[in-house]
Amino acid sequence: MSATTDRTPDPASTPDAASSVENRESVRRRRAARPRGARQLDSTALIYLVLVGVIVVSAVLTAMEGRNFFSQGNIWAVLTAMSVLGLIAVGQTLVILVGSLDLSVPYVVSLSTVIAAGGMKGLDSNLSAALVNTLVVCAVVGFVMGVLVSVFDVHGFIASLGVGLIVSGYLATNYQGSHGDASPALELLGRSGIAAVIPTSFIILLVAALLVTLMLRYTRLGHHVYAIGGNRDVARLSGVRTALPVIAVHVLCSLLAGLAGLLLLSRTGVGLPTIGSQGRYDLLSIAAVVLGGTLLSGGKGSVVGTLGGVAIFAVLDNVMGVMQVNPFLKDFVRGLVIVLAVAVYARRSVVRRPPRFAGTRPSLPTPGSITGSTTKEETA
Amino acid sequence: MPPNTPTHDPGENALVATGMSKSFFGNTVLDGLDLTLRAGEVHGLVGENGAGKSTLMKMLAGVHTPDRGTIVVGGEEVSFSHPVQAQRAGVSTVFQEFNLLLERTIAENIWLGREPRRFGRFGPVDTARMRRDTEELLTGLGVSGLTAGTLVRSLSVAEQQIVEIAKAVSFDARVIQMDEPTAALADHEVELLYSIIRRLTDRGVAILYVSHRLKEIFDLCSTITILKDGQHVATRPATELSEAELVRLMVGRPLTTYFPDKPVDVAVGDVRLALSGVGNGYVDDITLDVRAGEIVGIAGLQGSGRTELLETVFGVHPVARGSIALDGSPLQVTSPRQGVRARLAFITEDRKAKGLALNQSILDNALGVVRSVFPRRTGTARREMPGVLSNLDVAAHSLSQEVQFLSGGNQQKVVLARWLSIDPLVVLMDEPTRGIDVGAKHRVYELMRELTRQGVAVLMVSSELPEVIGMSDRILVMRDGTLAGELPAGASEEAVLGMATGAASEEAA
């Protein structure tokens with residue numbers, strides 16, 4: 001594109017060819033308004049391409065350690081690792097899409113394990129009551145955050161930080177060490193799977209992701225989630241009731257975090273009041289969502305992308321575990337991946353105002369300059 | 001209801017508004033306006049900036065509630081407290097700022113908030129029907145080449161506008177208001193808009209068309225209503241008006257005389273700022289010079305590239321072609337910081353967004369520029385600042401008051417103080433008196449005169465013609481990103497407006 005731009009004659013200097021210049025001019029302007037090159041991969045395709053690359057590199061590194069990345073046991077391990085963070089990240093995707101944020105997820109995860117384990121007391125007969133109980137509590141936590149964000153206009157960051165702290169304080173005062181006992185049926189579920197390759201927990205994640213994707217695509221709620229995250233004023237002016245979707249996604253996010261807690265409980269067998277914060281699910285889930293191509297400001301993104309982001313983290317963790325990498329280096333690699341990914345996305349999604357004239361070089365405003373807001377120029 | 005069938009008889013009254021009045025904070029913006037739109041007509045609404053056009057549109061669109069007045073749509077009296085109510089009643093509006101979600105598809109934008117559903121109230125969204133209806137709407141407008149599933153971000157401005165119009169039509173609109181619909185369009189895109197408008201009027205839709213471009217008004221409109229200072233001036237059939245007559249009706253007001261006289265002791269000096277052939281993505285082929293002690297006004301329509309020209313000089317946009325010289329030596333600025341270092345001052349048009357840190361104190365704001373660019377002069381500036389501010393008659397309890405609690409005029413004075421602290425050689429002013437009261441305006445004008453006495457060159461963009469004419473030594477008129485011409489001090493408003501709209505550039509020049 002830049003090659004044709006270079007050859008575009010200066011419109012002012014060739015008045016006789018004005019009409020043809022005008023046409024070429026407008027075509028060029030139109031192209032400039034599009035994201036650079038229609039051939040550009042969308043971010044979901046990009047993230048899965050990166051995932052394939054990460055898997056290939058990991059397979060090679062694992063092989064160098066004399067092990068097989070694609071062994072049944074290893075695939076099981078990767079998929080298991082994906083399922084907990086995956087469920088949380090799916091919920092986080094919803095919340096971020098609507099333009100909010102949920103920092104309370106690790107505490108909700110912990111809360112879920114202790115409430116469920118405490119309710120089950122190691123008996124299958126208590127299972128259903130404990131599950132319902134747990135999920136209702138999680139839903140209430142999400143509801144409170146949703147109301148804070150939508151009705152009281154508290155930013156999601158603060159609302160969830162506050163609620164998260166409250167839950168964390170409740171956990172710390174009331175539970176020291178492990179608590180309760182998971183029912184045998186739940187623990188069996190934690191060990192079950194298909195053909196010793198695909199754990200049940202991963203299937204639960206896939207089902208949840210599918211349901212959320214269908215919700216986003218085929219319900220008004222889903223459409224309005226995107227609309228509110230994209231531009232709350234536009235949504236409101238179009239007659240969208242903006243409070244309801246925000247509350248709904250916060251409830252869903254907390255429910256999914258609660259579900260993730262139940263999956264953890266199925267593996268640990270006991271409720272642990274700090275398991276969520278140890279897993280650092282708040283920052284990791286946000287990172288996975290952003291890595292998956294969802295805009296942190298909302299309005300654009302997908303659950304499919306998030307799963308890709310979660311998978312990348314799971315594979316990286318797995319290979320670093322196999323290689324017995326120093327845990328600090330692990331974090332370093334994770335951090336690097338997030339920052340690089342976001343830098344790449346930022347470069348791809350610079351909002352450009354189509355220029356009026358052909359520059360001899362692309363004379364577009366740089367991302368950080370104050371020009372971004374001049375698009376809404378001169379509204380008298 | 002199928003959106004593409006003619007539903008309204010031509011000639012009947014689609015909308016009758018009577019006695020529409022609105023005031024904001026005691027300022028009457030619109031005073032007892034009557035307007036009748038007939039089905040199938042394009043009704044032009046013209047007037048200078050601030051004449052009340054936007055306010056009228058917003059009241060009809062349900063954005064503002066009128067203080068007084070009634071609106072009758074299709075024989076029924078209506079009142080809107082929300083834009084959606086207006087749309088449901090059949091009044092749709094295509095604003096200059098599009099209300100579109102960039103990351104969503106055309107179909108999702110059009111049906112936002114009323115997505116069709118399968119199987120009744122709680123069913124899933126019927127995406128197939130959304131797509132079908134969208135494509136039907138677009139075909140009905142005679143638009144080909146747009147598919148319902150395209151992301152709005154990937155559309156050109158003209159295409160986005162088509163989406164807005166399609167959305168307006170999808171409410172089965174009787175009346176569609178369009179605010180400066182061609183402001184961002186290229187010539188051949190304007191043709192497409194015309195053809196869409198003709199299709200709509202053939203269907204019996206009434207169009208309220210607001211534009212500064214007189215040619216379009218005469219091309220499209222059968223009736224023209226002229227507003228001035230919130231008052232109704234005239235409503236006439238287009239055939240009974242000439243362009244010259246229209247311009248006279250728009251501006252026919254006595255030039256107010258509160259501009260301070262040009263001081264006699266100011267001698268215009270050498271060329272201070274000189275642009276030759278400057279061009280980039282926003283402006284092109286700009287050649288101008290401003291002399292020391294001179295005020296050069298830049299007039300032009302909204303979107304004609306005036307702001308961008310100032311931004312280019314200041315280093316916000318890179319210069320792709322041509323050159324800029326300051327006091328005879330070449331000036332190369334690629335960032336605002338370098339602009340400040342070269343002692344250019346830029347008073348931006350939107351002081352709240354770009355001129356001030358609203359929740360910081362007067363002193364911090366006033367010292368903002370000097371602190372960040374000439375830190376060693378901060379001490380001096382801080383000592384002088386109380387004097388500078390009181391000289392500008394800033395009314396405030398103390399210098400530590402947050403600027404957000406100041407009136408618009410006092411905020412603007414803080415902005416001025418902020419820039420005076422660098423002892424500018426050139427002051428670039430963008431709408432220096434927008435939204436400030438008369439007293440503050442007068443002080444700003446006096447300050448401009450004082451600056452010229454000190455040999456500062458002032459380049460001022462303004463949409464207020466009396467201001468441009470009353471203050472400038474020379475007037476440059478911009479049109480579509482280039483300079484359309486130069487007029488001497490004291491030129492008539494008709495001449496400036498004519499040149500800016502391209503209506504009568506020959507006789508005006």
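Just so it is clear, the structure is predicted and the values come from calculations on it, not from any experiment.

The rules we used
Residues numbered from 1 in each chain as written. Chains lettered and ligands numbered in written order. Predicted model: local features only at pLDDT ≥ 70, side-chain atom pairs only at ≥ 80, totals over all residues. Helix = DSSP H or I, 4+ residues; strand = E, 2+ residues; numbered from the N terminus. Rg over C-alpha atoms; globule rule 2.2 N^0.38 Å. Buried ≥ 20, exposed ≤ 12 C-beta atoms within 10 Å, placed from the backbone. Contact = placed C-beta atoms within 7 Å. Domains from an automatic or database assignment. Nonpolar A, V, L, I, M, F, W, Y, C, P; charged D, E, K, R; others polar. Core = buried A, V, L, I, M, F, W, Y, C linked by C-beta atoms within 7 Å. Axes fitted to C-alpha atoms, helices over the stretch in contact; angles between N-to-C directions. Parallel < 35°, antiparallel > 145°, perpendicular 65-115°, else oblique. Left-handed = near helix turned anticlockwise from the far one by under 90°. Pairing = 2+ DSSP bridges. Expected span 1.5 Å × (residues − 1). pLDDT = per-residue confidence, 0-100.

1. Thoughts on the overall build of chain B
Thinking step 1. When its secondary structure is counted, chain B shows 19 helices and 20 strands.
Thinking step 2. Against the globule reference of 23 Å for 509 residues, chain B gives a C-alpha radius of gyration of 25 Å, in line with a compact fold.
Thinking step 3. Overall, chain B is about 75 × 50 × 45 Å in size when its C-alpha atoms are taken along their principal axes.
Thinking step 4. Looking at chain B as a whole, 51% of its 509 residues qualify as buried.
Thinking step 5. Contacts in chain B between residues at least 24 apart in sequence constitute 70% of all its contacts with a sequence separation of at least 6.

2. Side note on the overall build of chain A
Thinking step 1. Within chain A one finds 16 helices and two strands.
Thinking step 2. Residue burial in chain A is summarised as follows: out of 380 residues, 45% are buried.
Thinking step 3. Across chain A, contacts joining residues at least 24 apart in sequence account for 77% of those joining residues at least 6 apart.

3. Observations regarding the domain arrangement of chain B
Residues and elements named next belong to chain B.
Thinking step 1. Along its sequence, chain B is carved into domain 1 (13-251), domain 2 (271-337 + 426-431 + 457-509) and domain 3 (344-423).
Thinking step 2. Each partner contributes residues to the interface: domain 1 has 13 residues there, and domain 2 has 14 residues.
Thinking step 3. Among the secondary structure elements, those contributing two or more residues to the side of domain 1 that touches domain 2 are helix 7 (214-220) and helix 8 (243-251).
Thinking step 4. Top contributing element to the side of domain 1 that touches domain 2 by residue count: helix 8, with five residues.
Thinking step 5. Classifying every residue of the side of domain 1 that touches domain 2 by side-chain character gives six nonpolar, two polar and five charged.

4. Side note on the nonpolar core
Thinking step 1. Counting residues in hydrophobic clusters, the biggest one holds 249 residues, and the most contacted among them are A:Ile88, A:Leu256, B:Leu428, B:Leu459 and B:Val496.
Thinking step 2. If one sorts the elements of this core by residue count, helix 12 (residues 243-268) of chain A sits on top with 16 residues.
Thinking step 3. In this structure B:Val496 touches B:Ala299, B:Leu465, B:Val468, B:Ile469, B:Ile475, B:Val477, B:Leu487 and B:Ala491, once residues within four positions along its chain are discounted.

5. Concerning the packing of helix 14 (residues 281-291) of chain A against helix 15 (residues 303-322) of chain A
All names here are of chain A.
Thinking step 1. Where helix 14 meets helix 15, the axes come as close as 7 Å, and the angle between the chain directions of the two elements is 120°. Overall, the two elements helix 14 and helix 15 adopt an arrangement that is oblique. Viewed along their axes, helix 14 and helix 15 form a crossing whose handedness is right-handed. Here Leu284, Ala288, Val289 and Leu291 of helix 14 lie close against helix 15, whose contacting residues are Thr306, Gly309, Val310, Ile312 and Phe313.
Thinking step 2. Of the residues in the contact of helix 14 with helix 15, the class split is seven nonpolar, two polar and no charged.

6. Description of unusual backbone geometry
Thinking step 1. Positive phi outside glycine occurs at A:Arg280, with the angle close to 50°.
Thinking step 2. Along the chain, A:Arg280 falls in the loop between helix 13 (275-279) and helix 14.
Thinking step 3. The residue B:Glu180 is not glycine, and still its phi comes out positive at about 45°.
Thinking step 4. Within the secondary structure, B:Glu180 sits in the loop between strand 7 (175-179) and helix 6 (187-202).

7. Regarding the sheet that holds strand 14 (residues 321-326) of chain B
In sheet architecture, strand pairing relies on hydrogen bonds along the backbone and comes in two forms, parallel and antiparallel.
All names here are of chain B.
Thinking step 1. Spatial ordering of the open sheet is given by 12-11-14-15, a layout of four strands whose pairing is antiparallel. Of all the strands in the sheet, the pair left with one neighbour each is strand 12 (286-291) and strand 15 (329-331). Averaged over all pairs of adjacent strands, the angle between their axes in this sheet comes to 25°, without regard to strand direction.
Thinking step 2. The sheet contact formed by strand 11 (residues 271-279) and strand 12 spans five bridges and is antiparallel. The residue bridging valine 271 from the neighbouring strand is arginine 291, located in strand 12.

8. A closer look at the pairing of strand 9 (residues 223-228) of chain B
All names here are of chain B.
Thinking step 1. In terms of burial, strand 9 is a largely internal element, five of the six residues being buried.
Thinking step 2. In the sheet, strand 3 (residues 42-46) pairs with strand 9 via four bridges, with the strands oriented parallel. Opposite glycine 44, over in strand 9, you have isoleucine 224 as the bridge partner.
Thinking step 3. Taken together, the six bridges between strand 9 and strand 10 (residues 231-237) define a ladder with antiparallel strand orientation. In the sheet register, lysine 228 faces strand 10, and the bridge partner there is glutamine 231.
Thinking step 4. Joining the antiparallel neighbours strand 9 and strand 10 is a turn of two residues, in which aspartate 229 adopts a positive phi near 50°.

9. Section: the sheet that holds strand 6 (residues 91-94) of chain B
Residues and elements named next belong to chain B.
Thinking step 1. Taking strand neighbours across the sheet as the criterion, the six strands line up as 6-7-8-3-9-10 in an open arrangement whose pairing is mixed. In the strand order of this sheet, the two ends are held by strand 6 and strand 10, each with one partner. Taken over all neighbouring pairs, the strand axes of this sheet differ in orientation by 20° on average, direction set aside.
Thinking step 2. Contacting strand 3, strand 9 and strand 10, helix 8 crosses the sheet at an angle of about 30° to strand 9.

10. Overview of helix 5 (residues 105-120) of chain A
Residue pairs spaced three or four apart in an α-helix point in one direction, given the helix's 3.6 residues per turn.
Residue and element names in this part refer to chain A.
Thinking step 1. Along its 16 residues, helix 5 runs 22 Å from first to last C-alpha, staying within 8% of the 22 Å computed at 1.5 Å per residue.
Thinking step 2. Among the 16 residues of helix 5, 15 are classified as buried, and the element is accordingly described as predominantly covered.
Thinking step 3. Positive phi appears at lysine 121, one or two residues downstream of helix 5, with a value of about 50°.

11. Here we look at helix 10 (residues 220-230) of chain A
Thinking step 1. Burial within helix 10 of chain A is extensive, with ten of its eleven residues counted as buried.
Thinking step 2. Turning to helix 10 of chain A, its buried residues are A:Arg220, A:Gly222, A:His223, A:His224, A:Val225, A:Tyr226, A:Ala227, A:Ile228, A:Gly229 and A:Gly230.
Thinking step 3. In this structure, the buried side of helix 10 of chain A is in contact with helix 4 (72-97), helix 9 (200-218), helix 11 (232-237) and helix 12 of chain A together with helix 3 (106-110) of chain B.

12. Observations regarding the confidence of the model for chain A
All names here are of chain A.
Thinking step 1. Mean pLDDT over chain A: 82, with 80% of residues reaching 70 or higher.
Thinking step 2. This stretch, residues 1-39, has a pLDDT under 50; its non-local contacts, to residues over four places away or in other chains, come to 40 contacts.
Thinking step 3. Predicted confidence for residues 359-380 stays below pLDDT 50, and this span has 45 contacts to residues more than four positions away or in other chains.

13. Structural notes on the environment of B:Glu243
Thinking step 1. As for its position among the elements, B:Glu243 is in helix 8.
Thinking step 2. Distance from B:Glu243 to B:Phe218, taken between C-alpha atoms, is 8.2 Å for residues 25 residues apart in sequence.

14. Details of the confidence of the model for chain B
Residues and elements named next belong to chain B.
Thinking step 1. On average, residues of chain B score 85 in pLDDT, and 94% of them are at 70 or above.
Thinking step 2. Taken as a whole, residues 1-6 scores under 50 in pLDDT and shows ten contacts with residues more than four places along the chain or in a different chain.
Thinking step 3. Between residues 505-509, whose pLDDT stays under 50, and residues either more than four places distant or in other chains, the model counts nine contacts.
Thinking step 4. Here the predicted complex carries an ipTM of 0.72, next to a pTM of 0.74.

15. Remarks on the packing of helix 6 (residues 127-150) of chain A against helix 12 of chain A
Residues and elements named next belong to chain A.
Thinking step 1. The interhelical angle for the contact between helix 6 and helix 12, taken along N-to-C directions, is 145°, at an axis separation of 7 Å. Both helix 6 and helix 12 take part in a crossing whose hand is right-handed. Residue-level inspection shows Thr134, Leu135, Cys138, Ala139, Val141, Gly142, Phe143, Met145, Gly146, Val147, Val149 and Ser150 of helix 6 in contact with helix 12, the latter providing Ala243, Val246, Ile247, His250, Val251, Cys253, Ser254, Leu255, Ala257, Gly258 and Leu262.
Thinking step 2. Split by residue class, the contact of helix 6 with helix 12 holds 16 nonpolar, seven polar and no charged.

16. Examining the environment of B:Arg341
Thinking step 1. Residue placement: B:Arg341 occurs in helix 10 (residues 336-341).
Thinking step 2. With 14 C-beta atoms counted inside 10 Å, the residue B:Arg341 sits in the partly exposed group.

17. Concerning the environment of B:Glu240
Residues and elements named next belong to chain B.
Thinking step 1. Looking at where glutamate 240 falls in the secondary structure, it is placed in the loop between strand 10 and helix 8.
Thinking step 2. On the basis of neighbour count, glutamate 240 is assigned to the exposed category, with 10 C-beta atoms found within 10 Å.
Thinking step 3. Measuring from C-alpha to C-alpha, the distance between glutamate 240 and threonine 223 comes to 9.4 Å, with 17 residues separating the pair along the chain.

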